[in-house]
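Breakdown of the fold
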Amino acid sequence: MTTETTSFVYVTYIVATPEKVFEAITKPEIARRYWGHENVSDWQAGSGWQHIRANDARTVELVGKVVEVSPPSRLVITWASPAQAADPASHSRVTFEIDDYDGMTRLTVSHDELQAGSSMAKGISQGWPVVLSSLKSFLETGRGLDVFGKKKAA
C-alpha cells in the first residue's frame, strides 16, 4: 500500500545576493532573526540538521539530513518531526533553489514527499509563506516579521 503524497512550491524575489540568501537559511545566528528558529548543521552532504527554537528552552522542532549542498545556489534537506527521526520513510524533502535574477535573487522552495492530509502538510502550507515573507523582509529591511514568538489570538 502506498501513501498519497503532496508537495508545495513557493517562489519569492529578494533584493539580496544569492550568497546572503543562502547564509540566511544556513547560519543559525541569522535564521533566528527572521524565523525564530536556528537551522543547525555543518551543512555537509550526509550530515544531520536540526531546527531549534531560538529561546531559552532550545526545543528541537524538526530534524533531518543534508541531502545535497551547493552554496550559494542549492540546498536539499530531509524534514521530519523528532518523533519521526528514526523512520526515513516518513521524512519529507525541502529543496532551496537560489538563483541570481536581474540584480535580485529568485528563491524557490519546494517541499515534497509530504503525506497528503498530514498535520505536517497542513503546518508547512501555512508556515512557509510566513517564513519566506519574513526572510524577504529581513534581508531587505533588516527586520523580520514579528510572528514567531507570540501566541496567536483565538
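In the block above lies the structure referred to throughout.
Report follows, based on the coordinates. (Residues numbered from 1 in each chain as written. Predicted model: local features only at pLDDT ≥ 70, side-chain atom pairs only at ≥ 80, totals over all residues. Heavy atoms only, no water.)

**A short note on the pairing of strand β3 (residues 48-53)**
Relative to β3, strand β2 (residues 37-40) runs antiparallel, the two sharing four bridges. Within β3, the position partnered with N39 by the bridge is H51. Bridge count for β3 against strand β4 (residues 60-70) is five bridges, and the pairing is antiparallel. Paired with W49 across the two strands is G64, which belongs to β4. Linking two consecutive strands that pair antiparallel, namely β3 and β4, is a turn of six residues; a positive phi of about 55 degrees is found at R58 within it. (Pairing = 2+ DSSP bridges. Helix = DSSP H or I, 4+ residues; strand = E, 2+ residues; numbered from the N terminus.)

**Observations regarding empty space enclosed by the protein**
Applying the stated criterion across every chain, the model contains one cavity of 30 Å³ or more. In this structure, the largest cavity encloses a volume near 30 Å³. Here the lining of the largest cavity gets three residues from one element, more than from any other, and that element is strand β5 (residues 74-79). When the residues that make up the lining of the largest cavity are grouped by side-chain class, the tally is eight nonpolar, one polar and no charged. (1 Å grid on protein atoms, 1.4 Å probe; cavity = no way out; pocket = protein on both sides within 12 Å on 5 of 7 lines; lining within 4 Å. Points joined across faces, edges and corners; volume = space filled by probe spheres on them. Nonpolar A, V, L, I, M, F, W, Y, C, P; charged D, E, K, R; others polar.)

**Digging into the side chain of T78**
Locating T78 in the fold gives a position in strand β5. A polar side-chain atom of T78 sits 2.7 Å from the main-chain amide nitrogen of K65. For T78, the contacting residues outside a window of four places in its chain are W49, V63, G64, K65, V67, H91, S92 and R93. (Polar contact = N/O pair within 3.5 Å; in protein donor to acceptor, adjacent residues only side chain to side chain. Contact = heavy atoms within 4.5 Å.)

**With respect to the pattern of salt bridges**
Counted by the stated rule, this structure contains nine salt bridges. Among the ionic pairs, D112 bridges to R93, the shortest N-O distance being 2.8 Å. Of this pair, D112 sits in strand β7 (residues 104-115) while R93 sits in strand β6 (residues 92-101), and the two are 19 residues apart along the sequence. Given a relative accessible area of 29%, R93 falls into the partly exposed group. When the shortest N-O distance is used, the salt bridge between E140 and K136 registers 2.8 Å. (Salt bridge = Lys/Arg side-chain N within 4 Å of Asp/Glu carboxyl O. Buried < 20%, exposed > 50% of the residue type's maximum accessible area, 1.4 Å probe, protein only.)

**Some thoughts on the environment of Q50**
Tracing the backbone shows Q50 in strand β3. Between the C-alpha atom of Q50 and that of L114, which follows or precedes it by 64 residues, the distance is 18 Å. Excluding its chain neighbours within four sequence positions, the residues that come into contact with Q50 are E38, N39, V40, V60, L62 and V63.

**With respect to the nonpolar core**
Nonpolar side chains in soluble globular proteins generally cluster together in the buried interior. Residues Y34, I77, W79, F96, L107 and W128 are the most contacted members of the largest nonpolar core, which totals 31 residues. For this core, the secondary-structure elements that each account for two or more residues are β1 (5-14), α1 (18-26), α2 (28-35), β4, β5, β6, β7 and α3 (119-141). Here the element with the most residues in this core is α3; it accounts for seven residues. Sequence-distant contacts of W79, defined by excluding residues within four places in its chain, comprise W35, W49, L62, V63, H91, S92, V94, H111, M120, I124 and W128. (Core = buried A, V, L, I, M, F, W, Y, C linked by side-chain atoms within 4.5 Å.)

Fair warning: the whole summary comes from geometry, so function is off the table for now.
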